[in-house]
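Close look at the chain arrangement
What follows is each chain in one-letter form.
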Amino acid sequence: MTRMKALIGIICLSFLVAACAPVQPKREYVQRDDLKVDPEIRQSVQVQELLDKRVSLPSGGSLLRIQFSVQAYQDTNMEWAVTWFDEDGMVVPGVGEGYRPVRILRDQTRFFTATAPQEKAVSYQLHLREDRAP
Amino acid sequence: MMLNGTRSLMVAAVASLMLSACATHTRYVDPAADDGPVAMTLDYRDFERAADNAVQDLLSSGAVDNPSGERYIMAVSRITNDTMQRIDTDQLTKKIRVALLRSGKVVTTTAVGVDGAEDQMNQQARELRNNDEFDQSGVQQKGTLKAPDLSLSGKIIQRNHKVEDEQQVEYYFQLSLTDLKSGLAIWENETPIIKRGPNDTVAW
Amino acid sequence: MTFYSRSHRLLAALALIGLLSGCSVFQQRDEMARFNSAYDRGDYGLAASVMAVSDKSDSESKHVLQYLHRGEALRLEGDYQPSIDAFDRAEAGMKYLDAEGFASAASENVMSVLVNDSTRDYRALMSEAILVNTYKALSFLALGNDDYARVEFNRADDRTRRAVDFFSEEIAEQKRALQNDPANARTVQRSIDSGSMRSVIQSNYGDPSAWSVYPDYIVPASTYLYGLYFLANGGSDVQRAVTSLQRVSDMAPGNATVKADAELAEGLASGKLSRQDQPDRVWVVYENGLGPVLEEVRFDVPLFYSYHGDAQVILTGIALPRYRDRTAVSGHLSANAQTTADFAQMGKVIRTEMQERFPSVLTRAISAAVVKGLIQHKATESFGAAGQLGSIIYTLATTQADLRGWQAMPDHWEVARLERPADGRVELTDTLRGDLGTVSVPDQPYTLIYVKRPTAEAPATVMLLDLQGKRPGECLQLSGGGTPARPCAS
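Residues numbered from 1 in each chain as written. Chains lettered and ligands numbered in written order. Predicted model: local features only at pLDDT ≥ 70, side-chain atom pairs only at ≥ 80, totals over all residues. Heavy atoms only, no water.

1. Examining the overall build of chain A
- Looking only at helices and strands, chain A has two helices and eight strands in total.
- Listed N to C, the secondary structure of chain A is α-β-α-β-β-β-β-β-β-β in terms of helices and strands.
- Burial statistics for chain A: of 134 residues in total, 35% are counted as buried.
- Long-range contacts, defined here as pairs at least 24 residues apart, represent 73% of the contacts in chain A between residues at least 6 apart.
- Carbon and sulfur atoms make up 52% of the accessible area of chain A, which totals about 8900 Å². (Helix = DSSP H or I, 4+ residues; strand = E, 2+ residues; numbered from the N terminus. Buried < 20%, exposed > 50% of the residue type's maximum accessible area, 1.4 Å probe, protein only. Contact = heavy atoms within 4.5 Å. Areas by Shrake-Rupley, 256 points an atom, 1.4 Å probe, with all protein chains shown as cover.)

Dropping the structure here:
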């Protein structure tokens, strides 16, 4: 009986300790999805294509540019933003962090483009979410 | 009729008491997750959108990419505030300047401006020349300030209309980049921001 | 609860309301009298202090009138920034009243019908609001702040646009309000539509449709200054000067200066005239006299009640507000022998607005009369002669027209234009009273000499402004009679 209690005590304690230990983030580079669509709007819109290319500049450099198209099954207010990453996977800052609100009507397909703010951007993540503005 | 009047008065009084009881509290807003209401006036989101639009267009146009690989030097000329609000046009230009500087394509001079230098220290630091109190090896020499290649100018316009029972406010962020060598506008951009809301009162 | 005890309480409440409203009206009138006596003499410092708002934490909407009067007195003192602050608060108050929720507006309406219109927070006329922005624009020019001057001119222009929409809405609003209360509405509507009502109003009050009004709703002085500003600031905005100066010229067909200005703007906009070839110019705008004030017109009107199925006509008193012109300073102003000529009258502007508002003012006055008539009837039924007497006293005490208004507006505006003399000296003369004094105009292409003089007893306040807003202005008081010019703030 006492052994039983002690066992339970140890188990509880180990749970506690485990809870306190910090979760170690993965240190290596994670392959990110190019595209994230929030579940709230998956029912109403679909991303039909997502293209990227590098636009060459007069000095010989180039900038990453993406284009994507969205089709809606019903009138939808949504927002989108692109986050850019460099070779090491670090975020490349743009003008701001805000999302762009867009409204897509039923059966409408809209095309959007975005250009990276710096030449060092090599990858990106496009995020589509519900527009929650009141 | 009379009693209705007094009664509605009391109802209104009670309602106003209740309203004042649940006052809002102050909190921080995260620009990346701001789902707050939109005002008819210009707010930070509008400036950010306009600046973001302008910078993307400017960079991808190649207008600020120097074939020699060096950075262009840009001066900020006048951005006219043609709205009905007392805004500071630096809210727009600063965002553009920061993004352009980060891109490595353009650097802005603070020694030249429409109303004189943006940073007075450009001149004041040079007044130390021949002052015995200062180690002259660190004092700026003559002929070191760089003249601008490009000039950014523009206008923020506001036009209001009544659309049925609502008020429509149209803002246009217009920007031009002039090549000072030729006087030609080598890049131009307009970002419209349109809002529709109640027409009860003025849009400022 | 029996009808009796209810009615007792009601009568007591009414008596209290009547007393309170009477008090606030007298307080307001005393404040106005003190302001006017200082303002008419040109003692703007004192005038401004009369209208000081002691409790700044109070909502601006409660003190719109005070801020309006204070703002203009401070401006004439040359205290531009405090004047702008006061006008900003007045504007905030107006905005709050425009946008306030339905509940508080409705409770105010109940009060105003039960008591009188002066219990409502003061709702500024559109023309007053337009002038507020114009005065602020001039103050910003005086401070050399061109950016904010442009903002205020744009606001004045947008308010002009809104004014037209506003009028049609006020009428629709009144109709909606009537539909919410169908029983009284029928009485009110029948009374208003009746021929006898119309003739009673015409003989006692006058016919609003016969007033001399402007064909379009604009405040010509504001639109003119807006035009001058964009004429001076050129660039792509000169087209705005063309449109607005042309509009003012159409409203003041006899004025040669305004016509010449419109032509100048047109010439510059089309490229026929070159800005470089133009001489430096000086405009003298003279804001003259005291603007119209409201007076009360009381008379009896016939109301058509249907009571227990019988139609009855009851004669009841109503009180309506009517504008009365005050005085202007006789004579004109002459600047280096160029004499100013009239181009805009405040009374005409206000009557244009009042003509549009009149149906709603009349409806409110008659609604109040209908409600009070019913009270009288009920009180007589329940209390006999005593009740009747009480309710008549109540009706008399509370039947008052809303006579509030911004009294620092002028009677009219005049204008003259001249070339800037080489030495910059412009001599201002009152054509009847002689020499006022000399101002020296700085070397700048577009100068506005803005003169305001409420009465002949007051000195002329002269503001020397750079229309391009590059150089801060100067404010002088010229009394004439050999007294040298002195700076505005004493």
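2. Some thoughts on the sheet that holds strand 3 (residues 150–163) of chain B
Residue and element names in this part refer to chain B.
- With respect to topology, five strands assemble into an open sheet ordered 2-1-3-4-5, the strand pairing being mixed. With one partner strand each, in any of the chains shown, strand 2 (106–108) and strand 5 (184–198) form the two edges of the open sheet. The mean angle between the axes of side-by-side strands here comes to 30°, regardless of whether they run parallel or antiparallel.
- Pairing of strand 4 (residues 166–179) with strand 5, which is carried by 14 bridges, proceeds in the antiparallel orientation. (Pairing = 2+ DSSP bridges. Axes fitted to C-alpha atoms, helices over the stretch in contact; angles between N-to-C directions.)

3. A few points about the interface of chain B and chain A
- Listed as interface residues are 26 residues of chain B and, on the opposing side, 26 residues of chain A.
- Summed over both partners, the interface of chain B with chain A buries about 2100 Å², with 54% contributed by carbon and sulfur atoms.
- On inspection of chain B and its partner chain A, the count reaches two salt bridges.
- Across the pair B:Lys105 and A:Glu119 runs a salt bridge, and its minimum N-O distance is 2.2 Å.
- Among the secondary structure elements, those contributing two or more residues to the side of chain B that touches chain A are helix 2 (44–61) and helix 3 (90–103) of chain B. (Buried area = accessible area lost by both parts, 1.4 Å probe. Salt bridge = Lys/Arg side-chain N within 4 Å of Asp/Glu carboxyl O.)

4. Topic: the sheet that holds strand 2 (residues 45–56) of chain A
Residue and element names in this part refer to chain A.
- On the basis of which strands lie adjacent, the open sheet formed by three strands has the order 2-3-7 and antiparallel pairing. Across the chains shown, the open sheet's two edge strands, defined by having one partner strand only, are strand 2 and strand 7 (109–115). Adjacent strand axes in the sheet meet at a mean angle of 20° when their direction is disregarded.
- As judged from the 11 bridges shared by strand 2 and strand 3 (residues 62–72), these two strands associate in the antiparallel manner. Pairing of Leu-51 across the sheet is with Gln-67, part of strand 3.

5. With respect to the state of the cysteines
All names here are of chain C.
- One pass over the structure, following the stated rule, counts one disulfide over all chains.
- The residue that forms a disulfide with Cys-475 is Cys-488, at a sulfur-sulfur distance of 1.9 Å. The chirality of the disulfide connecting Cys-475 with Cys-488 is left-handed, given an S-S dihedral of about -80°. Placement of Cys-475 in strand 12 (residues 474–478) and of Cys-488 in the segment after strand 13 (486–487) is noted, with a sequence separation of 13 residues between them.
- Since its relative accessible area comes to 11%, Cys-475 is described here as buried.
- On the basis of relative accessibility, which here comes to 2%, the residue Cys-488 falls in the buried class. (Disulfide = S-S within 2.5 Å.)

6. Here we look at the pairing of strand 11 (residues 460–466) of chain C
Residues and elements named next belong to chain C.
- Of all seven residues making up strand 11, seven are buried, and the element is well covered by its neighbours.
- The two faces of strand 11 match: Ala-460, Val-462, Leu-464 and Asp-466 on one face and Thr-461, Met-463 and Leu-465 on the other face are all buried.
- Two strands pair when backbone bridges link them, and strand 10 (residues 446–453) and strand 11 are joined in this way by six bridges, in the antiparallel orientation. If you follow Ile-449 over to strand 11, its bridge partner there is Leu-464.
- From the end of strand 10 to the start of strand 11, which pair antiparallel, there are six residues.
- Strand direction decides the pairing type here: strand 11 and strand 12, joined by five bridges, are antiparallel. Following the sheet pairing, Met-463 is matched in strand 12 by Cys-475.

7. Re helix 6 (residues 126–142) of chain C
Residues and elements named next belong to chain C.
- Look at helix 6: 25 Å from first C-alpha to last across 17 residues, which is about the 24 Å you get at 1.5 Å a residue.
- A large share of helix 6 lies buried, amounting to 17 of its 17 residues.
- Phi for Gly-144, located one or two positions after helix 6, is positive at around 75°. (Expected span 1.5 Å × (residues − 1).)

8. Regarding the domain arrangement of chain B
- As far as domains go, chain B holds domain 1 (39–109 + 146–204) and domain 2 (119–145).
- A separation of 34 Å is found between the C-alpha centroids of domain 1 of chain B and domain 2 of chain B. (Domains from an automatic or database assignment.)

9. What to know about the nonpolar core
- Judged by nonpolar contacts, the single largest core of 114 residues is most densely connected at C:Tyr224, C:Phe343, C:Trp413, C:Leu448 and C:Tyr450.
- Here this core gets 12 residues from one element, more than from any other, and that element is helix 13 (residues 346–398) of chain C.
- Contact partners of C:Trp413, with chain neighbours within four places excluded, come to C:Leu131, C:Tyr135, C:Ala221, C:Val285, C:Tyr286, C:Glu287, C:Ala341, C:Asp342, C:Phe343, C:Ala344, C:Met346 and C:Tyr450.
- Counting residues in each nonpolar core, the second largest holds 35 residues, with B:Met40, B:Val64, B:Tyr72 and B:Met74 among its members. (Core = buried A, V, L, I, M, F, W, Y, C linked by side-chain atoms within 4.5 Å.)

10. Some words on the packing of aromatic side chains
- In the structure shown here, the tally under the stated rule is 18 aromatic pairs over all chains.
- Between B:Phe47 and B:Phe173, the aromatic rings sit 5.9 Å apart at their centres with planes inclined by 80°, giving edge-to-face as the arrangement. In this pair, B:Phe47 is assigned in helix 2 and B:Phe173 in strand 4, connecting sequence segments 126 residues apart. Taken individually, B:Phe47 and B:Phe173 each receive the classification buried, so the pair is uniform in this respect.
- With a centroid separation of 6.3 Å and 25° between ring planes, the pair formed by C:Phe87 and C:Tyr135 is classed as stacked. Taken as a pair, C:Phe87 in helix 4 (residues 80–99) and C:Tyr135 in helix 6 lie far apart in primary sequence, 48 residues in all.
- The exposure class of C:Phe87 is buried, given its relative accessible area of 0%.
- On the basis of relative accessible area, C:Tyr135 is assigned to the buried category, the value being 1%.
- The ring of C:Tyr148 has B:Arg86 sitting right over it, with the charged end atom 5.7 Å from the ring centre. (Phe/Tyr/Trp six-rings, centres within 6.5 Å; stacked < 30°, edge-to-face > 60°. Lys NZ or Arg CZ within 6 Å of the ring centre and 35° of its normal.)

11. Observations regarding the side chain of C:Arg159
- By secondary structure assignment, the location of C:Arg159 is in helix 7 (residues 146–179).
- When its relative accessible area of 5% is taken as the criterion, C:Arg159 is described as buried.

12. Side note on the pattern of salt bridges
- Considering all chains together, one arrives at 45 salt bridges over all chains under this definition.
- Between C:Glu152 and C:Lys136 there is a salt bridge, with the nearest N and O atoms lying 3.5 Å from each other. Placement of the pair is C:Glu152 in helix 7 and C:Lys136 in helix 6, with a sequence separation of 16 residues. Taken as a pair, C:Glu152 and C:Lys136 share a single burial class, namely buried.
- Put simply, C:Arg298 and C:Glu296 hold a salt bridge, and the shortest N to O gap is 3.0 Å.
- Relative accessible area serves as the criterion here: at 43%, C:Arg298 is assigned to the partly exposed category.
- On the accessibility criterion, C:Glu296 (30% relative accessible area) is partly exposed.
- Through salt bridges with shared partners, a single network forms among B:Arg86, C:Asp88, C:Glu91, C:Lys136, C:Glu152, C:Arg155 and C:Arg159.

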